[in-house]
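Observations on the three-dimensional arrangement
Each chain is listed here by its residues.
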Amino acid sequence: MTRTIMLVPIGNSVGLTTISVSLLKLIYEKKLRVIFFKPFPDTIHSIDDTAYIVNRDFFIPSIKPVVHINKTCLLKNEHLDRLIQDNLDLYYSYKNKFDIIFIEGKKNLHDQSYIHDLNLKFLYHTGADLIFYNSGHNNFCKNFFSYKEKYFTKNRIIGIINNFYNIAIKNYHDVFFSCDLLGNYIHPNLKSIPVINIPWNKKLISFSIYKILQLINTENRIKKYAVHKINGFVLYNQDFFKIINHLFNSTLLISFYKFIKHYQSLHVILSCNKLHSVIFTDCSKDDVFIFNILKKQLSHTTLFFCTKLTLNQVILSINNFHRQITINNKVYISTVILYVTRYIHKQFICSLLCNNNQKIIYNSPISFQKYLIEKAKNSNSNILLPEGTEERIIHAASIVANLGIVQCTLLGDAQIIQHIAHKNSWDITKNINIIDPKKIYKNYIEKLFFLRAHKGMTWKLSEQYVQDHMVLGALLLRENIVDGIVCGIQFTTAHVLRTAIQLIGMKNHINHDHPIVSSSFIMLLKHSILFYSDCAVNINPDVKQLVSIAVDTANLAILFDIKPKIAMLSYSTGTSGSGDTVNKVRDATNLLKMLYPDLIIEGPIQYDAAINTTISNIKLPESCLLGQANILIFPDLNSGNITYKAVQQSLNISSIGPILQGLLKPVNDLSRGATINDIVYTILVTAIQTCKK
C-alpha cells in the first residue's frame, strides 16, 4: 500500500527545499520506490527546485503538477477547488505505483489564507500523513490550529521539523533568515509528536553583499564590496533594540529610511559593532541626497546603502538570490544535506517508512470516490445496464469504460446507442458490450417459464415478460453472463426489487423463514462517510428485520475496508425513553450484541449522540461508539427516507444509493433523477460488490 507524506510549511518557509531534499535522500537510501510531488509550485515557468535536485542527484522522479496561470483566480473558491481537483486527479493516477508519495506544500510567505487552504485541503483529500515544517514563526501553532483543526487529527501528524533551532533572537517579525522555535506555545495536539530540531549553522550560509547590491540596484558604486560577506539578515522596527545584543557578527540590517529618521536611532545602530551593513529602502531622490550628506558626516565601519525598491521587493530579491546561487552548486547542496541529515534520527525515518495497517478512514468524499475507482479496477467485473438507450446511462458507461475501471454491457438497440454516443462524442468502443434484446430474448423464454411455473407462469406470459429489459437482465445475471446490474432511470424501485427477488433470490440471516432485502445510502459528507439504512425499502421493520439490515450494512462497510460502528437510532438515548418504537430498537440492539459480540453496536441512541462526541459524553458517557458512528440504522422507512433526503438537500452533498442488500447477486437501483456521477459511482459500488471476499 502506498504511503503519502506531506510536508506542510508554516511561517516564512526558508530552507524548505533543503529539508525536502534531505528527507527524500534518506528515504531513497532505504531502497523504496518514492516519487516527489509539489502540486502548487512557486513558479510555473521552470522546474521546481526540489524536483530538480532530487532527480539530478538521486534519480527520484517527480509528478509534473497542473498549474493555473492566472494567479488572481486562485482567490476565488471555484478556481481554488478546480486547481485542487485537477492535482488530486493527477495524484491518484500515481497512487499504488510507488511505495511513498512525498508531497511538498506551498510556501506562505505573506500568511495568505488561500495558501493555507490549498495545502490543507490537499492534505485532507489525500489522507496524507503530515509533517509540519517551521522556520521562524513563533505563533504558528496558535494561529494555524485555531481554524484548521478540522482538516487533520492528531494521529495524522507524524512529526515537526524546526529549522534554525538555536537562534537567540526572539521576535520572528524582526528576523528574515534568522528565527526561533515555537516560542512558549505548544498546541496540545503536538505535545506527543516527534520533533526534529536542526540548529542554525552560520558557516553554511554566507551571502555576498556585492551580489545583493547588484540585485537591488543601490545608488552606490558596488564593485569594491566584492569580498564582503554577511551571515544573516534583520528587519528593523521599534523592537530592534530588544534583539540588538543577540545579533550575529556580519549582519545586514534592512529598514525603511524614513523609519530610521523618525526614531532618530542612527546612534543606536552605529553603536552595534555586529552590523556589517545597513540598507535603507523606499528612498526618494531627496532621501538619497540627504543620505549622501549624512553618510559623509558618519565616520564608522558600518556600510550604508539606499535603494528605491520597497522593503518587500528587497526581501524577495534576497530570497531569490539565495535560491538561485545554490540550486546548481552540488558541493554546497551536499554539504547542507549532510549537515541536516545528522539531526534526523533513524527512528523518525523508520516511522515514515512504516505503513499504517489500521482500517482506512475516509475523511472526504474525494478520497472515498478515488478509493472506489481503485478497488473497482481490481474486480474484473462486467456490469449490465438494462436501460442501455438512456443518454445518462450511455454517458456514464463511456466514462467508466474509458477509464479502464469496469466493463459495461448495454442492453438495447445497437444502432440507437451508437447514434446517441456519436451525437454526443462519447467513446463507446472500449470495454463496452452491446446486447440487442430482440436477438436473444427467445433464448430465455423457457428459462423464465420453468423458473416461475410454480407461481403460475405460463409460456405466453413468459414470452411477454422476457421482453422486459429488467427481467431479461436479471436472467442474464442469473446465468452469470454478467456480474451485476445497475438500473432505475426508467424502472420503478418496486419493479427492480420484485424482479431481483423473484429471479436472483435472497440471502438468509436470522430470518430463515422470511429473508429480507433492504437498502443503504452511502452519504458523502464533507468530513466523513456515513451509511444510512434502511431508507428506501422496508416500511416498518420488526426486531429481526432490523438485525438483518444492520448486519448487511456492516458487511457493506467492511467491503469498503471501513470498520463498522453501528448506531441503532431512536428518539431516545439509553434508558431515557420508552414506547413501542424504542423497545423495538432496544430488543434489536440486544439481539445484535448477542449474535455478533465482536461488532461495535449502541442503541437505542439519538442521532446527535451517535455522531457527536461531546453530546455522546453528556447523554451516554459509557457508550462504546464515543460519538463516532459510521452506520446509522433507522427504526422505520419514514424516519430514514426523510433524514437522508433532508441531509442530502440541506448540505448539498452527494450520496450513493440506494444500494440493495440481501440479494444473492448485486443489483442496485438508481433514482430517476440520478446524475452522471450518481450512475458512475453506483456502477463502481456494484463492481466492488461482485468481488470475492
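Residues numbered from 1 in each chain as written. Predicted model: local features only at pLDDT ≥ 70, side-chain atom pairs only at ≥ 80, totals over all residues. Heavy atoms only, no water.

So, the packing of aromatic side chains
Going through the model one piece at a time under the given rule, you end up with 15 aromatic pairs. When the centroid spacing of 5.5 Å and the interplanar angle of 85° are considered together, the rings of Phe40 and Phe122 count as edge-to-face. Here Phe122 lies in helix α4 (residues 113-126) and Phe40 lies in the loop between β2 (34-37) and α2 (49-58), a separation of 82 residues in the sequence. Exposure remark for Phe122: the relative accessible area of 0% places this residue in the buried category. (Phe/Tyr/Trp six-rings, centres within 6.5 Å; stacked < 30°, edge-to-face > 60°. Helix = DSSP H or I, 4+ residues; strand = E, 2+ residues; numbered from the N terminus. Buried < 20%, exposed > 50% of the residue type's maximum accessible area, 1.4 Å probe, protein only.)

A look at the packing of helix α22 (residues 543-559) against helix α23 (residues 580-595)
Relative placement of two packed helices is described by the angle separating their axes and the distance separating the axes. Viewed as axis vectors pointing N to C, α22 and α23 meet at an angle of 55°, and their least axial separation amounts to 9 Å. As the angle between them shows, α22 and α23 are arranged oblique. Our pair here, α22 against α23, has a crossing hand that is right-handed. Contacts between α22 and α23 pair Val543, Lys544, Leu546, Val547, Ala550 and Val551 from the former with Lys584, Asp587, Ala588, Leu591, Leu592 and Leu595 from the latter. (Axes fitted to C-alpha atoms, helices over the stretch in contact; angles between N-to-C directions. Parallel < 35°, antiparallel > 145°, perpendicular 65-115°, else oblique. Left-handed = near helix turned anticlockwise from the far one by under 90°. Contact = heavy atoms within 4.5 Å.)

Some points on the packing of helix α14 (residues 365-377) against helix α27 (residues 676-689)
Direction vectors running N to C along α14 and α27 enclose 50°, while the axes themselves pass 9 Å from each other. What the angle tells us is that α14 and α27 run oblique. The element α14 and its partner α27 pack so that their crossing is left-handed. In this structure, α14 contributes Gln369, Leu372, Ile373, Lys375 and Ala376 to the contact, and α27 contributes Tyr681, Leu684, Val685, Ala687 and Ile688. Considering only residue class, the contact of α14 with α27 consists of 8 nonpolar, 1 polar and 1 charged. (Nonpolar A, V, L, I, M, F, W, Y, C, P; charged D, E, K, R; others polar.)

Notes on α2
Helical geometry: 3.6 residues make up each α-helical turn, so side chains three or four residues apart lie on a common side. What α2 keeps buried is the set Asp49, Thr50, Ala51, Ile53, Val54 and Phe58. N-capping of α2 is provided by Asp48, with a side-chain oxygen placed 3.0 Å from the backbone N of Thr50. Following α2 by one or two positions, Phe59 adopts a phi angle in the positive range, close to 60°. (Polar contact = N/O pair within 3.5 Å; in protein donor to acceptor, adjacent residues only side chain to side chain.)

Focus: the sheet that holds strand β3 (residues 62-63)
Pairing is parallel in the open sheet, where 7 strands are placed in the order β3-β2-β4-β1-β5-β6-β7. Among the strands making up the open sheet, the edge pair consists of β3 and β7 (195-198). Here 4 bridges tie β2 to strand β4 (residues 100-104), and the two strands are oriented parallel to one another. Bridging across to β4, Ile35 finds its partner in Ile101. Against the sheet, helix α13 (residues 346-353) touches β1 (3-10), β4, β5 (129-134), β6 (157-163) and β7, its axis set at about 125° to β1. (Pairing = 2+ DSSP bridges.)

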